[in-house]
Amino acid sequence: MTEPPRVPFFSATGAAFGVDLGACLKQVADSGWYVLGPGVRDFEAAFAHCVGVDHAVGVANGTDAIALALRALGVGAGQRVLTVANAGCPGSAAIAQVGAAVGWVDVDEQSLTMAPQALATALAAGPVAAVLVTHLYGQMADLPAIAALCWKAGVPLIEDCAQAHGAALEGRRAGSWGALGCFSFYPTKNLGALGDGGAVVTSDAALAERLRALRQYGWARKYEVTLAGGVNSRLDELQAAVLHAKLPRLDAANARRRAIAARYSAALGELPLRCPSAPGAEHVMHLYVVRTPRRAALQAHLAARGIASDVHYPIADHLQPIWAGRPVPQLPVTEAACAQVLSLPCYPGLTDAQADAVIEAVRGFFAKD
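Residues numbered from 1 in each chain as written. Predicted model: local features only at pLDDT ≥ 70, side-chain atom pairs only at ≥ 80, totals over all residues. Heavy atoms only, no water.

Trainee: So what's going on with the packing of helix α2 (residues 38–51) against helix α8 (residues 237–246)? Residues and values would help.
Mentor: With their axes 8 Å apart at the nearest point, α2 and α8 run at an angle of 40° to one another. Classified by chirality, the crossing of α8 by α2 is left-handed. In contact with P38, G39, V40, D42, F43 and A46 of α2, α8 contributes E237, A240, L243 and H244. Of the residues that constitute the contact of α2 with α8, the class distribution is 6 nonpolar, 2 polar and 2 charged. (Axes fitted to C-alpha atoms, helices over the stretch in contact; angles between N-to-C directions. Helix = DSSP H or I, 4+ residues; strand = E, 2+ residues; numbered from the N terminus. Left-handed = near helix turned anticlockwise from the far one by under 90°. Contact = heavy atoms within 4.5 Å. Nonpolar A, V, L, I, M, F, W, Y, C, P; charged D, E, K, R; others polar.)

Trainee: Which residues make up empty space enclosed by the protein, and what are the values?
Mentor: In the structure shown here, the tally under the stated rule is 3 cavities of 30 Å³ or more. A volume near 40 Å³ is recorded for the second largest cavity. For the second largest cavity, the full set of lining residues is F47, C50, V51, A164, H165, G166, R173, A174 and F183. With 3 residues, α2 is the single largest residue contributor to the lining of the second largest cavity. Of the residues assigned to the lining of the second largest cavity, the class counts are 6 nonpolar, 2 polar and 1 charged. (1 Å grid on protein atoms, 1.4 Å probe; cavity = no way out; pocket = protein on both sides within 12 Å on 5 of 7 lines; lining within 4 Å. Points joined across faces, edges and corners; volume = space filled by probe spheres on them.)

Trainee: Describe the packing of aromatic side chains, listing the residues and the values that go with them.
Mentor: Centre distance and the angle of the planes are the two values used to describe a pair of aromatic rings. Tallied over the entire structure, the rule returns 10 aromatic pairs. Both rings, one in Y264 and one in Y288, keep their centres 4.9 Å apart while their planes meet at 65°; by these two values the pair is edge-to-face. Placement of the pair is Y264 in helix α9 (residues 250–268) and Y288 in strand β12 (residues 288–291), with a sequence separation of 24 residues. One Lys or Arg, R172, reaches over the ring of W177 and ends 4.1 Å from the middle of that ring. A cation over a ring is seen here: K246 above F17, with NZ or CZ 4.9 Å from the ring centre. (Phe/Tyr/Trp six-rings, centres within 6.5 Å; stacked < 30°, edge-to-face > 60°. Lys NZ or Arg CZ within 6 Å of the ring centre and 35° of its normal.)

Pasting the structure below:
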């Protein structure tokens, strides 16, 4: 039997948040209401307040959140939606799910989020139905520039905030800049559930009403379907209870992530390794991602010393087999990053001793040179 790593890549326990998960489970089990009940409504209200918007609509997962946001805007077959290609494919998959055409935009060399100049070029190339901007690794994209470009072009902006719960830029939280913001509550996220879950946030009451119908078959009321494109995508009461219990502790958990990141960068910054920039409020360090052309060797070295790591993400969307045969866009920064990125353990439950073990192992790899 293979021994577990002495430093796991992630540990999804309630302890790091100070949350009694058993109490959450009992609360829901005793209530007798398990899907789209009062617990979901309470969490939606609390989460909307946290983001700084008027409405949050709970859905089944983050990919559904994006697809439903597109449907709420009326985006459909053949229309072009711009996004990035270095975020693991959920955004591209959601765009394809509604029948729209994916247009990929290259990313900024430093942040690896959507490059405003590349977006400007793509917007000028033809009609665009929406822009889906991804806040990657916890780092918010350059929304002042991107939102201005979208406003000038008359194109709605959707934020993919699956990796940026609690991040803020110029005093505005991720999810509050665009027409719609989409969140995943997958267990590894900064605000994670005990399974899948997601939400779409907005300050547009009409869009919120459409989203509530679309997540449940297109119902205007029970069993009366009035809106085309509806699906079954509902947040359940258990996930809402866990998320609601964790939400007040989100900022503290993000602060712990930043502290771990600062510890790594201080110790690794002089190595021949590209480390993230020092995190501020705009970065909640969902992942601590380094870049090196020697990724495979470094990852093997870490594994041999009981340090888990992962690659986010090894294959750019436009190079996925499913899109083989279509014209390949020129995305040099995206492709270079996908070949070099490596994620080190960074989560609230990681101890200082574990972080130091990661540092020692990484430094040991380069000390051999």
